[in-house]
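Chain and residue survey
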4 protein chains.
Amino acid sequence: MLGKNVWTIADGYMSDTTKGELVSHEAVCVLNLSGSDANINITVFFEDRDPIRNIKAVCKNERTNHIRLDKVVLDDGTVIPRNTPYALLVESDQPIIVQVSRLDVTQPEYALMTTIAY
Amino acid sequence: MLGKNVWTIADGYMSDTTKGELVSHEAVCVLNLSGSDANINITVFFEDRDPIRNIKAVCKNERTNHIRLDKVVLDDGTVIPRNTPYALLVESDQPIIVQVSRLDVTQPEYALMTTIAY
Amino acid sequence: MLGKNVWTIADGYMSDTTKGELVSHEAVCVLNLSGSDANINITVFFEDRDPIRNIKAVCKNERTNHIRLDKVVLDDGTVIPRNTPYALLVESDQPIIVQVSRLDVTQPEYALMTTIAY
Amino acid sequence: MLGKNVWTIADGYMSDTTKGELVSHEAVCVLNLSGSDANINITVFFEDRDPIRNIKAVCKNERTNHIRLDKVVLDDGTVIPRNTPYALLVESDQPIIVQVSRLDVTQPEYALMTTIAY
């Protein structure tokens with residue numbers, strides 16, 4: 001079956017800048033071809049503080065979900081801080097494919113980067 | 001034999017912007033070193049609608065094909081929508097190598113990103 | 001256990017340019033989910049000179065460390081030269097995940113690139 | 001031993017544009033930790049013409065070689081054409097690590113992309 005249940009990404013970062021309609025952000029892009037809906041749990045790791053755990057998302061079968069990390073809000077109001085290096089662990093109860101991309105608009109023109117997760 | 005028959009890419013997106021001669025697009029770049037021509041079938045998955053299936057392409061042996069996703073038109077007129085997150089499944093009857101790249105010209109200067117598919 | 005003890009990256013380069021608060025740099029981004037603190041050793045290889053060895057770093061368990069290569073200074077004052085192609089070997093006593101990213105500000109607007117290490 | 005003897009990259013492209021001191025180009029970045037010098041042979045594949053074969057390079061042991069594809073000239077004067085999609089096969093008599101990066105300066109500000117080869 002295509003994909004894996006556990007993925008990691010070591011370079012996460014969102015600056016606090018916006019330009020017009022664009023806002024710096026990262027997205028955890030998921031593809032689910034497993035045959036069942038996938039329940040996803042994301043943990044965010046930092047350099048000098050405890051992880052943020054239990055960010056939940058769903059990716060239905062034969063669907064993609066581009067999870068915007070700048071829009072995550074936990075029940076207690078926790079958000080992923082900006083201007084702060086982080087890393088990600090993405091766990092799923094079904095095998096999925098994960099790719100992470102960053103849009104950065106720190107300067108007038110923006111930059112994009114992406115990589116398949118590990 | 002070099003390559004695989006099935007590849008996936010989780011982060012697909014084409015904005016609707018153009019700048020001069022450049023238009024935002026993604027390309028599924030294929031290399032075929034299998035010894036036979038490769039018949040390729042691409043499926044496009046979305047967040048909240050059914051997939052677009054049966055996008056056909058050929059990559060001859062010892063050739064590359066940089067398949068422009070913004071130029072795909074199915075027999076019934078279907079095109080891949082812009083400003084819409086998607087993901088890709090690339091299937092081939094011969095082992096191939098697949099890399100996907102995006103050129104985005106949303107702002108005056110453009111951005112590039114690429115990754116080997118999974 | 002997630003990750004590997006040895007990672008390589010073949011394309012390293014830092015230009016000597018800065019723009020406002022941004023300075024061109026590369027970062028070796030590490031995630032450690034091994035259960036123990038990871039002691040990391042980085043070697044830098046060049047095209048026409050001997051390697052720089054024994055760049056040390058630590059990534060604690062359940063933490064990330066985005067190691068800025070432009071800030072590395074060895075005890076004898078050695079730094080990684082700018083405007084010079086290099087490659088990296090990252091070795092750890094615990095399995096880790098490594099991704100390397102570059103921020104380049106050679107021109108007024110900057111560019112980003114990233115890839116999972118090998 | 002670290003690395004592989006055969007690598008491929010499916011998305012190759014060099015525009016014919018320059019800006020100031022920067023020229024659009026791609027580089028095949030090699031790291032050799034095999035213990036012996038590596039003799040490298042690069043083949044360039046196109047969409048609609050025969051491959052360019054026998055581009056030779058050397059990467060010494062414990063050295064990197066960032067092979068600039070825009071500077072390749074074969075004995076018969078052949079160069080890799082610009083504004084033309086291509087793909088690459090990189091073969092080595094020693095295991096090596098290969099990463100390919102593109103600098104594009106089609107517009108006033110440039111873009112960077114990179115990926116580990118397959």
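Every value quoted in this text rests on a predicted model; they were computed, and no experiment measured them. (Residues numbered from 1 in each chain as written. Chains lettered and ligands numbered in written order. Predicted model: local features only at pLDDT ≥ 70, side-chain atom pairs only at ≥ 80, totals over all residues. Heavy atoms only, no water.)

1. Digging into the overall build of chain A
A tally of regular secondary structure across chain A gives zero helices and nine strands. Start at the N end of chain A and walk to the C end: the helices and strands fall as β-β-β-β-β-β-β-β-β. On C-alpha atoms alone, chain A measures out to a radius of gyration of 14 Å, which is about the 13 Å that the 2.2 N^0.38 rule sets for 118 residues. If you line up chain A on its principal axes, its C-alpha atoms span 45 × 30 × 25 Å. Out of the 118 residues belonging to chain A, those deemed buried represent 63%. Nonlocal contacts in chain A, meaning residues at least 24 apart in sequence, comprise 71% of its contacts between residues at least 6 apart. Put simply, chain A has 11 plus and 16 minus side-chain charges, and the middle of one group is 3 Å from the middle of the other. (Helix = DSSP H or I, 4+ residues; strand = E, 2+ residues; numbered from the N terminus. Rg over C-alpha atoms; globule rule 2.2 N^0.38 Å. Buried < 20%, exposed > 50% of the residue type's maximum accessible area, 1.4 Å probe, protein only. Contact = heavy atoms within 4.5 Å. Lys, Arg positive; Asp, Glu negative; His and termini not counted. Charge placed at Lys NZ, Arg CZ, Asp CG, Glu CD.)

2. Considerations on the interface of chain B and chain D
By a widespread convention, an interface's size corresponds to the accessible area lost as its parts come together. Listed by partner, the interface residues are 28 residues for chain B and 33 residues for chain D. Of the roughly 2,400 Å² buried at the junction of chain B and chain D (both faces included), carbon and sulfur atoms supply 61%. Where chain B touches chain D, the interface holds two salt bridges. Residue Glu 62 of chain B is joined to Arg 53 of chain D by a salt bridge in which the shortest nitrogen-to-oxygen separation is 2.7 Å. Summed over the shared surface of chain B and chain D, the number is 10 residue pairs in polar contact (both at pLDDT 80 or more). For the side of chain B that touches chain D, the elements supplying multiple residues, two or more each, are β1 (4-12), β4 (25-32), β7 (63-68), β8 (86-104) and β9 (111-116) of chain B. Broken down by element, the residue count for the side of chain B that touches chain D peaks at six residues, all from β9 of chain B. Here the side of chain B that touches chain D is built from residues that sort into 15 nonpolar, eight polar and five charged. (Buried area = accessible area lost by both parts, 1.4 Å probe. Salt bridge = Lys/Arg side-chain N within 4 Å of Asp/Glu carboxyl O. Polar contact = N/O pair within 3.5 Å; in protein donor to acceptor, adjacent residues only side chain to side chain. Nonpolar A, V, L, I, M, F, W, Y, C, P; charged D, E, K, R; others polar.)

3. So, the interface of chain D and chain C
Contact residues are listed per partner, giving 28 residues for chain D and 33 residues for chain C. Of the roughly 2,400 Å² buried between chain D and chain C, counting both surfaces, carbon and sulfur atoms make up 61%. Here chain D and chain C share two salt bridges between them. For Arg 63 of chain D, the salt bridge is made with Asp 50 of chain C, and the minimal N-O distance between the two is 2.9 Å. Where chain D touches chain C, the interface holds 10 residue pairs in polar contact (both at pLDDT 80 or more). Breaking the side of chain D that touches chain C down by element, the ones donating at least two residues are β1 (4-12), β4 (25-32), β7 (63-68), β8 (86-104) and β9 (111-116) of chain D.

4. Quick notes on the confidence of the model for chain A
A residue-level look at chain A finds 91% of positions with pLDDT of 70 or above and a mean pLDDT of 89. Scoring the predicted complex yields pTM 0.91 and, for the interface, ipTM 0.90. (pLDDT = per-residue confidence, 0-100.)

5. Some points on the relation of the copies chain B and chain D
Put simply, the second copy of the chain is the first one after a rotation about an axis and a shift along it. With an RMSD of 0.0 Å, the fit of chain B onto chain D corresponds to turning through 90° and sliding 0.0 Å along the axis. Within this description, the copies of the chain are treated as partners about a four-fold rotation axis. (Least-squares fit on C-alpha atoms with pLDDT ≥ 70 in both.)

6. A short note on unusual backbone geometry
Even without glycine at this site, Glu 62 of chain B takes up a positive phi of about 55°. Inspection of the secondary structure puts Glu 62 of chain B in the loop between β6 (52-59) and β7.

7. Topic: the pattern of salt bridges
One pass over the full model with this rule turns up 24 salt bridges over all chains. With a shortest N-O distance of 2.6 Å, Glu 26 of chain B and Arg 102 of chain B are connected by a salt bridge. Taken together, the residues Glu 26 of chain B in strand β4 and Arg 102 of chain B in strand β8 connect sequence positions 76 residues apart. One exposure class covers both Glu 26 of chain B and Arg 102 of chain B, and it is buried. Through salt bridges that share partners, Asp 11, Glu 26 and Arg 102 of chain A make up one connected network.

8. Observations regarding the nonpolar core
One finds Val 28 of chain A, Val 28 of chain B, Val 28 of chain C together with Val 28 of chain D to be the most contacted residues of the largest nonpolar core, which totals 144 residues. Ignoring any residue separated from it by four or fewer positions in sequence, one finds Val 28 of chain D in contact with Ile 42, Asn 65, His 66, Ile 67, Leu 69, Leu 88, Val 90, Val 98, Gln 99 and Val 100 of chain D. (Core = buried A, V, L, I, M, F, W, Y, C linked by side-chain atoms within 4.5 Å.)

9. Some words on the arrangement of the chains
The least C-alpha distance between chain B and chain C, which are not in contact, is 7 Å. One finds no contact linking chain A with chain D; the least C-alpha distance across the pair is 7 Å.

10. Quick look at the environment of Ser 34 of chain B
Residues and elements named next belong to chain B. Along the chain, Ser 34 turns up in the loop between β4 and β5 (38-46). In sequence terms Ser 34 and Leu 103 are 69 residues apart; their C-alpha atoms lie 29 Å from each other. Polar contacts involving the side chain of Ser 34 include one to the side chain of Asn 32, which spans 2.7 Å.

11. What to know about the environment of Glu 26 of chain B
Residue and element names in this part refer to chain B. The exposure class of Glu 26 is buried, given its relative accessible area of 1%. Not counting residues within four places of it along the chain, the set of residues in contact with Glu 26 comprises Asp 11, Gly 12, Tyr 13, Met 14, Ile 67, Arg 68, Leu 69, Asp 70, Tyr 86, Val 100, Ser 101 and Arg 102. Among the polar contacts listed, one links the side chain of Glu 26 to the backbone nitrogen of Tyr 13, at a separation of 3.4 Å.

12. As for the packing of aromatic side chains
Each aromatic ring pair is summarised here by two numbers: the centre-to-centre distance and the angle between the ring planes. All chains considered together, the criterion is met by four aromatic pairs over all chains. Between the aromatic rings of Tyr 118 of chain A and Trp 7 of chain C, the centroid separation amounts to 5.1 Å while the plane-to-plane angle is 65°, which identifies the pairing as edge-to-face. Of this pair, Tyr 118 of chain A sits in the segment after β9 (111-116) while Trp 7 of chain C sits in strand β1 (residues 4-12), placing the two residues on different chains. Tyr 118 of chain A sits in the partly exposed class, given a relative accessible area of 24%. A relative accessible area of 1% means that Trp 7 of chain C is categorised as buried. When the ring centre of Trp 7 of chain C is taken as origin, the NZ or CZ atom of Lys 4 of chain C, which lies over that ring, is 4.4 Å away. (Phe/Tyr/Trp six-rings, centres within 6.5 Å; stacked < 30°, edge-to-face > 60°. Lys NZ or Arg CZ within 6 Å of the ring centre and 35° of its normal.)

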